[in-house]
Amino acid sequence: MSQFAINFIFVIGTFIIYTGIALWARARSTREFYIAGGTVHPTLNGMATAADWLSAASFISVAGLISVGYVNSSFIMGWTGGYVLLATLLAPYLRRFGTYTVPDFVGTRYGSKSARVVAVLCLIVISLTYVIGQMTGAGVAFARFLEVESSTGLLISAAVVFVYAVLGGMKGVTYTQVAQYIVLILAFTIPAIYLSLMMTGHFLPQTGLFGTHEASGVPLLQKLDQVVRELGFHDYTADVSNKWNMFLFTLTLMVGTAGLPHVIIRFFTVPNIQDARWSAGWALVFIALFYTTVPALAGMSRLNLLETVYPDGTDQPALQYEERPEWFKNWEVTGLLKFEDKNGDGRIQFYNDGTLPNANKGFVAPEGWAGNELKVNNDILVLALPEIANMPMWLIGLMAAGGIAAALSTASGLLLAISSAVSHDLLKNTLLPHISDKTEMLYARLSMVGAIVIATWLGLNPPGFAAQTVALAFGMAAASLFPTLMLGIFVRRINSKGAIAGMLAGALCTVSYIFMYLGWFFIPGTNNFPNTPEHWILGISPLSVGVIGALINFTVAVTVSLATEQPSAKIQMMVRRVRYP
Amino acid sequence: MAKEITEVEETLMERELTENDKAYWAANLRLIIICLSIWALVSLGFGVLLRPLLMGISVGGADLGFWFAQQGSILTFLALVFFYSWKMNQNDKKFGLEE
């Protein structure tokens, strides 16, 4: 059987499972549509949260990102550390309060329609930015594994999400996410275990990274440092000089993670506050399984790639282009690997242009140095893994299904966050307060259809901001929603004026700072300053500004609240309800 | 939903905050401060700012700070979330505030 046929069977097989779950988990009330009836087991919700969280980009690109070296550890700490904030500061209390959506909490706690609408706007900016990347990611996963146009892949994915999200709402999304988690985690960890066994003899990639590189007998990370140094790159484990910015960036990712609405609403689906606490723990277990594997995979596949190009070591001639392995040829076709024989010696000289060959005299290149000859898209560190490690064909099929599962699960979680904010907060609680449960349910389904259509259209015609998920979604979540939710629980004195002023100040400062460096509305050429460290105010990069925005939000909310009236007795009682059952 | 909240509110209105309630919330805040201090120490501390101080301690080809940045912080986060859940769920029982 051909690899294509195997991939096809895996992908179609998982689609049948998702559709089956959709038919079984139809939503019969708004409570089921918005929060799956509040009856999801904490462990299952943990799995669904992990699938919600691990996106197409995490699956395909994060290992490549981490393989740059220590500096990108921020992503690993940020995208897991946010769950500690969520577990101790937000999730349990919001579950006890018992609302359906994030803006629902803001509107009810602050007793203000304007606060609710501002929260809806923040949510839509965050989730829409995020969902475009997922739609294009689903298309890319399809294109890579099933040899279809990525736009066709995107349309197929949208159709599958349509079936289970419109029929089942949160209930359908939850149980398909559980299935999607299982598919994606197997698809990610099995190849990593293969690679770890091959390079270090360790079954666990997590310990393999700190184990011994079997081919050379020295510790793997030491070997990696040595190889990249000889090729003129920074040491893999080298410390960074701009600690301040790394600190802020990590913190922004953490706070942003805790403020993302599609993650928060997952905790509304468990039966009670005790379960919400356990569920945060389970979510982190399933996420940690992924994020502790990522750095191992990153380090090992980078070393493995360099060893392929320099089979006899970096002080010996590079690989003959004619002798390149089969997987190398396959990925050249996709353009993710590009070779250009600049010095005409038929060998693949791969190194850092800027610093070699002067930095390393022992390096052999008889035809002279005419520049780096190999361009590598870091996505292949994951995508080409099954072929590099010589894995069986069914595993490649599993990876295809896994990449698509990662995209679909995150997309459906985001679409639900958007559509429930529209139907429950904008329609039911603001514009059309008198509609019945049944009519609201109809509007909820229609909002979901609308959200899918818009996300699909944006996925096919991605606007400039689609590439800025990290800056815009995490920055906004950190600066607008997180402080407002946290103050709503922990500081009784905050009133609606303070909350609204805080959200607006935090969001506007953050977004303006990002626009100043990346262009207004991300239109190229409209930036006020070049995006380089010497132009950053106080050394803060536009990606790290979210936590500063959060501080502005906290300060403005407290100051404005203290300068204006006490919240009403009713609201103060409500805060009590968040804290005690 | 709004109706549910109103009902609970009315029952709460009648009841003043007791010493027990206050002690429960204080215990929660104390626990949060402990957990978040450790959270910041292992990630932003050991993993980022304090890494140069830990350079001397080697862990399998790298240093302790690198290990915390790529593995140790996540493992600590896990322990923290489960510790907090266990302790708070115990407190809910101890203070008689279980749902």
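S.K.: Would you take a moment to explain the overall build of chain B for this structure?
M.R.: A count of helices and strands for chain B gives four helices and two strands. In chain B, the order of α-helices and β-strands from amino to carboxyl end is α-α-α-β-β-α. Across the 99 residues in chain B, those meeting the buried criterion constitute 33%. Across chain B, the fraction of contacts at a sequence separation of at least 24, relative to all contacts at a separation of at least 6, is 57%.

S.K.: Just to check I follow, could you spell out the overall build of chain A for this structure?
M.R.: Summing up its helical and strand segments, chain A has 22 helices and two strands in all. On C-alpha atoms alone, chain A measures out to a radius of gyration of 25 Å, which is about the 25 Å that the 2.2 N^0.38 rule sets for 581 residues. For chain A, the spread of C-alpha atoms along the three principal axes comes to 80 × 55 × 40 Å. Buried residues in chain A amount to 59% of all 581 residues.

S.K.: I tried to follow the interface of chain A and chain B on my own but got confused; where do I start?
M.R.: Interface size is commonly expressed as the accessible surface area that is lost when the partners come together. Taken together, the contact pairs 50 residues of chain A with 44 residues of chain B. The element contributing the most residues to the side of chain A that touches chain B is helix 13 (residues 273-309) of chain A, with twelve residues. Its residues assigned to classes, the side of chain A that touches chain B shows 27 nonpolar, 16 polar and seven charged.

S.K.: I'm lost on the nonpolar core in this one. Help?
M.R.: A general feature of soluble globular proteins is that nonpolar side chains tend to end up buried together. All names here are of chain A. Core analysis: the biggest nonpolar cluster contains 225 residues, and Leu 184 and Leu 415 have the highest contact counts within it. Per element, the largest residue contribution to this core is 21 residues, and it comes from helix 8 (residues 150-200). Counting contributing residues, this core receives three or more from each of domain 1 (42-68 + 77-303 + 388-579) and domain 2 (304-387). The contact partners of Leu 415, leaving out residues within four places of it in the chain, are Val 131, Val 161, Ala 165, Met 448, Ala 451, Ile 452 and Ala 455.

S.K.: Just checking my understanding: could you explain the confidence of the model for chain A for this structure?
M.R.: One rule of thumb: low pLDDT means the predicted coordinates there are not for detailed reading. Put simply, chain A has an average pLDDT of 89, and 98% of its residues get 70 or more. Ranking the elements of chain A by mean pLDDT puts helix 16 (residues 385-388) of chain A last with 82 and helix 21 (residues 546-563) of chain A first with 96.

S.K.: Hey, could you run me through the domain arrangement of chain A in this one?
M.R.: All names here are of chain A. When its domains are assigned, chain A resolves into domain 1 (42-68 + 77-303 + 388-579) and domain 2 (304-387). Once you take the C-alpha centre of each, domain 1 and domain 2 turn out to be 35 Å apart. Taken together, the contacts link 26 residues of domain 1 with 23 residues of domain 2. A per-class count over the side of domain 1 that touches domain 2 returns 18 nonpolar, five polar and three charged.

S.K.: What's the story with the packing of helix 7 (residues 113-146) of chain A against helix 17 (residues 393-431) of chain A in this structure? I'm lost.
M.R.: Two quantities define a packed helix pair, namely the angle between the axes and the distance from one axis to the other. Residue and element names in this part refer to chain A. Their axes nearest at 8 Å, the elements helix 7 and helix 17 cross at an angle of 155°. With respect to their mutual orientation, helix 7 and helix 17 come out roughly antiparallel. For the element pair helix 7 and helix 17, the recorded crossing hand is left-handed. Looking at side-chain class alone, the contact of helix 7 with helix 17 contains 24 nonpolar, seven polar and three charged residues.

S.K.: Which parts of the structure should I look at to understand helix 4 (residues 56-66) of chain A?
M.R.: Each α-helix turn comprises 3.6 residues. Residues three or four places apart therefore point the same way. Residue and element names in this part refer to chain A. Among the eleven residues in helix 4, nine count as buried, and that is most of the element. Within helix 4, burial applies to Ala 56, Ala 57, Ser 58, Phe 59, Ile 60, Val 62, Ala 63, Gly 64 and Ile 66. Lining the buried residues of helix 4 we find helix 5 (73-97), helix 7, helix 8, helix 13, helix 15 (380-383) and helix 17.

S.K.: Hey, could you run me through the environment of Tyr 100 of chain A in this one?
M.R.: All names here are of chain A. Within the secondary structure, Tyr 100 sits in the loop between helix 5 and helix 6 (102-109). By the C-beta count within 10 Å, which is 25 here, Tyr 100 ends up buried. Between the alpha carbons of Tyr 100 and Gly 38 there is a distance of 9.8 Å; along the sequence they are 62 residues apart.

S.K.: Sorry if this is basic, but what is going on with unusual backbone geometry here?
M.R.: Generally, phi is negative for residues other than glycine and the peptide bonds are trans, each holding for most cases. Residue and element names in this part refer to chain A. With a phi close to 50°, Ala 36 is a non-glycine residue in the positive phi region. The phi dihedral of Phe 521 is positive, around 55°, even though this residue is not glycine. Relative to the helices and strands, Phe 521 resides in the loop between helix 20 (496-518) and helix 21.

S.K.: Explain the confidence of the model for chain B here, please?
M.R.: The predicted model of chain B has a mean per-residue pLDDT of 86, with 85% of residues at 70 or higher. Two summary scores accompany this predicted model of the complex, namely pTM at 0.92 and ipTM at 0.92.

S.K.: Honestly, the environment of Phe 515 of chain A in this entry has me stumped. Any pointers?
M.R.: All names here are of chain A. Of note, Phe 515 is situated in helix 20. Given 19 C-beta atoms within a 10 Å radius, Phe 515 is considered partly exposed. As a C-alpha pair, Phe 515 and Thr 526 span eleven residues in sequence and 8.3 Å in three-dimensional space. Non-local contacts of Phe 515, meaning those with residues more than four positions away in its chain, are made with Trp 520 and Phe 521.

S.K.: Is there a simple way to think about the environment of Gly 525 of chain A in this case?
M.R.: All names here are of chain A. Position of Gly 525 among the secondary structure elements: in the loop between helix 20 and helix 21. On the basis of neighbour counts, which here come to 6 C-beta atoms within 10 Å, the residue Gly 525 falls in the exposed class. As for Gly 525 and Gly 82, which are separated by 443 residues in sequence, their C-alpha atoms are 34 Å apart.

Cut-offs used in this document
Residues numbered from 1 in each chain as written. Chains lettered and ligands numbered in written order. Predicted model: local features only at pLDDT ≥ 70, side-chain atom pairs only at ≥ 80, totals over all residues. Helix = DSSP H or I, 4+ residues; strand = E, 2+ residues; numbered from the N terminus. Buried ≥ 20, exposed ≤ 12 C-beta atoms within 10 Å, placed from the backbone. Contact = placed C-beta atoms within 7 Å. Rg over C-alpha atoms; globule rule 2.2 N^0.38 Å. Nonpolar A, V, L, I, M, F, W, Y, C, P; charged D, E, K, R; others polar. Core = buried A, V, L, I, M, F, W, Y, C linked by C-beta atoms within 7 Å. Domains from an automatic or database assignment. pLDDT = per-residue confidence, 0-100. Axes fitted to C-alpha atoms, helices over the stretch in contact; angles between N-to-C directions. Parallel < 35°, antiparallel > 145°, perpendicular 65-115°, else oblique. Left-handed = near helix turned anticlockwise from the far one by under 90°.

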